[in-house]
Amino acid sequence: MQVSQAEQTPDASLLKVLGNWDALALGFGAMIGFGWVVLTGGWIASAGTMGAVLAMITGGAIMGVVGLTYAELTAAMPKAGGEHNFLLRGMGPRWSFIGSWAITGGYITIVAFEAVALPRTAQYLFPNLSQIPLWEVAGYQVHLTWALVGAVAAVVITGINILGVKLAGVAQTFVVVFLLVIGLMLVFGSFVGGSATNMEPFFTGGLNGYFAVLVVVPFLFVGFDVIPQSAEEVNIPARQIGRLVVVAVILATIWYVMTVLTTSSAMPAGEIAQADIATADAMGALFGSDVMAKILIAGGIAGILTSWNSLLLGASRLMFSMARSGMLPAWFAKLHPKYRTPVNALLFIGVLSFVAPFFGVSMLGWLVDSGAPSIVIAYILVAVVFVILRRREPGMDRPLRVGGQGNGGVIIGVTAVVLCLGLLSLYMPGMPAALTPPPWILFGLWWVLGAVLLFRIPSGITPGADAEHDLLERLRQRRESARNS
């Protein structure tokens, strides 16, 4: 197999320094962000305790099916960029760009979301945080001290990632362990201080309530696909990398179900509906202590940091991979000479997350809503290319083969496509999660920029193992022709 010129250059190589736990912590930590802290009360109010649990299990099952396609493809192509490589192999450069651009947009919106969520959460611990008014955005007064909490955190987390993926992995592991301790405390508190009576009504809102919870699934579960993004830096067998994708989805499903059950057991449904941060109030009620509520908020901050760190890593590796293939300017493919991290891609995303808090709290909802459809589009394309490769390359080396030797794998792939199309339909006008104008504007701006870059990519390149090499060669010929004309 031929390799690209970029891959032949020594300084285009990422370091293999991550182990089993590092990769799992990145995937699980990416999914357990901030949503479980502030959204749980809304889920229970919309669908009831068991309605919300059912929606979470459904969402976990959908993401689990998608995760199976990722698992096989990641084990077969353990290179940085995940979706980028899968789609190049099965569908060619332009489809590879569309899928990569979609998931990168989803990652960046959530990185920016976490930069806004951090000061919002910190304000519950420090009520006087907002000082020195700046301007209003969508009716919200932005204060300098408030925005600087998110902006300074953006500098720190970006810096950690530039200093090396191993350092980022160690930081991730530490914070994930803290999160798990918080989860165990919630479970313990529910057993000793909770009540099954508080969990009633078990179902409310009917199908509308159920779908109102289900539509947040792409936002809640995005992150298991960070494992494929970091595959080139993971020093474990390819088969094991694929398995970790599915394990991460299972763990996240358990986490969200646990959060719903423990929160609903703490207080009557009426009190949960009126709580500003229901999960924190539930923790305080279970232990009869405001201090415990603040500890839960600290867990929320830990979730922000794990998601932020993982998705920054994933987005930067995608941009690095696209640049290495010639789809983005070569500037994004630059690695730090000492730490071997994609420094320019990290700086680019870091600047966006630095700026986001200065647009205020309204950005939270807009970012989530604008990124979710792009994430689902990427999942659809990965499921499609999974089926294509099963058909076109049955003899392809697959260290982890899902669904056995027969047509089981194809059935899994087709099921993933159908389920993700169903999720995508929920965002359309007239549906429960129809987007409002501001998210559509952000979504549109991202894809207008994507369209400009897409049509710079030569057409007619055959998908396959040499697609990246052929793309780089065509781009080289185009540059030479431009110089000679």
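In this convention, every chain numbers its residues from 1, walking through the sequence in written order. For this predicted model, a pLDDT threshold of at least 70 governs which residues receive local features, and a threshold of 80 or more governs which side-chain atom pairs are given and counted, while totals over whole chains, interfaces and linings are taken from all residues. Calculated side-chain values reflect all of the structure's heavy atoms, with hydrogen atoms and water omitted.

### Looking at the overall build of the chain
Point 1. Under the DSSP-based scheme used, a helix requires at least four consecutive residues in state H or I and a strand at least two consecutive residues in state E, with every element numbered from the N terminus. Per the secondary structure count, the chain includes 21 helices and 2 strands.
Point 2. Think of it in three bands: with a 1.4 Å probe and only protein chains considered, a residue is buried below 20% of the maximum accessible area for its type, exposed above 50%, and partly exposed in between. Residues counted as buried form 58% of the 485 residues belonging to the chain.
Point 3. Sequence-distant contacts in the chain: of pairs separated by 6 or more residues, those separated by 24 or more amount to 81%.
Point 4. Note that accessible areas follow from Shrake-Rupley with a 1.4 Å probe, and for residues the cover is restricted to the protein chains shown. If you sum the accessible surface of the chain, you get close to 18200 Å²; carbon and sulfur atoms cover 68% of it. Pairs of residues are marked as contacts when any of their non-hydrogen atoms sit within 4.5 Å.

### Things to note about the pattern of salt bridges
Point 1. We count a salt bridge whenever a side-chain nitrogen from Lys or Arg sits within 4 Å of a carboxyl oxygen from Asp or Glu. Going through the model one piece at a time under the given rule, you end up with 4 salt bridges.
Point 2. Here R89 ties to E393 by a salt bridge, and the two come within 2.9 Å at their closest N and O atoms. In this pair, R89 sits in helix α6 (residues 83-91) while E393 sits in the loop between α18 (362-392) and α19 (408-425), placing the two residues 304 residues apart along the sequence. For the pair R89 and E393, one class covers both residues: buried.
Point 3. Notably, a salt bridge pairs R476 with E473, separated by 2.3 Å at the nearest N-O pair. Here E473 and R476 lie together in helix α21 (residues 467-484), a separation of 3 residues that amounts to about one turn.
Point 4. Classification of E473 as partly exposed rests on a relative accessible area of 22%.

### Considerations on the pairing of strand β2 (residues 140-143)
Point 1. Whether two strands pair depends on DSSP finding at least two bridges between them. In terms of strand pairing, strand β1 (residues 133-137) meets β2 through 4 bridges, oriented antiparallel. Counted as the bridge partner of V137 is Y140 from β2.
Point 2. The loop that links β1 with its antiparallel partner β2 comprises 2 residues; one of these, A138, has a positive phi angle of about 55°.

### Structural notes on the packing of helix α16 (residues 290-324) against helix α17 (residues 343-355)
Point 1. Lines fitted to C-alpha atoms define the axes here, with helix axes fitted over just the stretch in contact, and angles between the N-to-C directions of these axes take values from 0 to 180 degrees. Put simply, α16 and α17 touch, their axes get as near as 8 Å, and they point 130° apart. The angle between α16 and α17 falls in the class oblique. In this structure, the crossing between α16 and α17 has a hand that is right-handed. When α16 is examined against α17, the residues W308, L312, A315, S316, R317 and M319 are found in contact with a partner set consisting of A345, L346, F348, I349 and S353. Orientation is classified from the angle alone, with under 35 degrees giving roughly parallel, over 145 giving roughly antiparallel, 65 to 115 giving roughly perpendicular, and any other angle giving oblique. By definition, any crossing whose near helix is turned counterclockwise from its far helix by less than a right angle is left-handed, and any crossing with a clockwise turn is right-handed.

### Let's talk about unusual backbone geometry
Point 1. Here the amide bond leading from E200 into P201 is cis, since omega sits at -5°, within 30 degrees of zero.
Point 2. Tracing the sequence through the fold places P201 in the loop between α9 (165-193) and α10 (206-214).
Point 3. Of note in the backbone geometry, I132 takes a positive phi value of approximately 65° without being a glycine.

### Brief notes about empty space enclosed by the protein
Any space left empty among the atoms is revealed by the rolling of a water-sized probe across them.
Point 1. In this analysis a 1.4 Å probe is tested at points of a 1 Å grid over the protein atoms alone, and where it fits but cannot get out there is a cavity; an open set with protein on both sides within 12 Å along at least five of seven lines is a pocket; lining residues have an atom within 4 Å of a point. Grid points are joined across faces, edges and corners, and a volume is the space filled by probe spheres set on the points. Across all of its chains, the model carries 1 cavity of 30 Å³ or more by this definition.
Point 2. When its volume is computed, the largest cavity comes out at roughly 60 Å³.
Point 3. Around the largest cavity, the lining residues are A30, M31, G33, F34, G35, I110, E114, F219, L220, V222, Y256 and S307.
Point 4. If you list the elements that add at least two residues to the lining of the largest cavity, you get α2 (20-31), α7 (93-125) and α11 (217-221).
Point 5. Each residue gets one label: Ala, Val, Leu, Ile, Met, Phe, Trp, Tyr, Cys and Pro are nonpolar, Asp, Glu, Lys and Arg are charged, and the others, such as Gly, are polar. When its residues are assigned to classes, the lining of the largest cavity shows 8 nonpolar, 3 polar and 1 charged.

### Describing the packing of aromatic side chains
Point 1. To pair, rings of Phe, Tyr and Trp, with the six-membered ring standing in for Trp, must have centres within 6.5 Å; the planes then decide the type, stacked if under 30 degrees apart, edge-to-face if over 60, and tilted in the middle. Summed over all chains, the structure comprises 13 aromatic pairs.
Point 2. Judged by centre distance (6.1 Å) and plane angle (80°), the rings of W43 and Y256 are edge-to-face. Pair noted here: W43 is in helix α4 (residues 40-47) and Y256 is in helix α13 (residues 238-266), with a separation of 213 residues, a long-range link. Of the two residues, W43 and Y256, both sit in the buried class.
Point 3. Both rings, one in W440 and one in F443, keep their centres 5.5 Å apart while their planes meet at 85°; by these two values the pair is edge-to-face.

### Looking at the layout of surface pockets
Point 1. Computed from the structure, the largest pocket encloses a volume of approximately 580 Å³.
Point 2. Considering the residues around the largest pocket, the lining is formed by 28 residues, among which I108, T109, L352, L442 and W446 are closest to the centre.
Point 3. Mapped by element, the contributors of at least two residues to the lining of the largest pocket are α7, α17, α18 and α20 (437-454).
Point 4. Looking at the lining of the largest pocket, the element that brings in the most residues is α20, giving 7 residues.

### Here's the deal with the nonpolar core
Point 1. Nonpolar cores were defined as sets of buried Ala, Val, Leu, Ile, Met, Phe, Trp, Tyr and Cys residues, with membership established by side-chain atoms within 4.5 Å. One finds W36, Y256 and Y379 to be the most contacted residues of the largest nonpolar core, which totals 151 residues.
Point 2. With residues up to four places along the chain from it excluded, the contact list for Y256 reads M31, I32, G33, W36, W43, M56, L220 and F221.

### As for the confidence of the model for the chain
Point 1. The predictor rates its confidence in each residue with pLDDT, a number between 0 and 100. Looking at the chain, pLDDT values average 80 and 88% of them are 70 or higher.
Point 2. Across residues 1-12, where pLDDT falls below 50, the model places 22 contacts with residues more than four positions away in sequence or in other chains.

### What about the packing of helix α15 (residues 278-287) against α16?
Point 1. Across the interface, α15 lies against α16 with an axial gap of 7 Å and an inter-helix angle of 140°. Here α15 runs over α16; the crossing is right-handed. Every residue of α16 that contacts α15 at T279, A280, M283, G284 and F287 is listed here: M292, A293, L296 and I297.
Point 2. Looking at the contact of α15 with α16, its residues break down into 7 nonpolar, 2 polar and no charged.

### With respect to the side chain of H84
Point 1. Tracing the sequence through the fold places H84 in helix α6.
Point 2. In protein, a polar contact requires one atom able to donate a hydrogen and another able to accept it; more generally it is a pair of N or O atoms within 3.5 Å, and residues adjacent in sequence count only if both atoms are side-chain atoms. Reaching out from H84, the side chain makes a polar contact with the side chain of S325 at a distance of 2.8 Å.
Point 3. Apart from the residues lying within four places of it in its own chain, the contact partners of H84 are S96, S100, L318, S321, M322, S325, M327 and E468.

### Remarks on α7
Point 1. Counted at 1.5 Å a residue, the expected span for α7 with its 33 residues is 48 Å, and the 48 Å between its end C-alpha atoms agrees.
Point 2. Within α7, 26 of the 33 residues are buried, which leaves it mostly tucked inside the rest of the structure. Given a helix with a known number of residues, its expected span is that number minus one, times 1.5 Å.

### Some points on α17
Point 1. Look at α17: 18 Å from first C-alpha to last across 13 residues, which is about the 18 Å you get at 1.5 Å a residue.
Point 2. Buried within α17 are the following residues: V343, N344, A345, L346, I349, G350 and S353.
Point 3. Buried residues in α17 make contact with α7, α8 (144-162) and α16.

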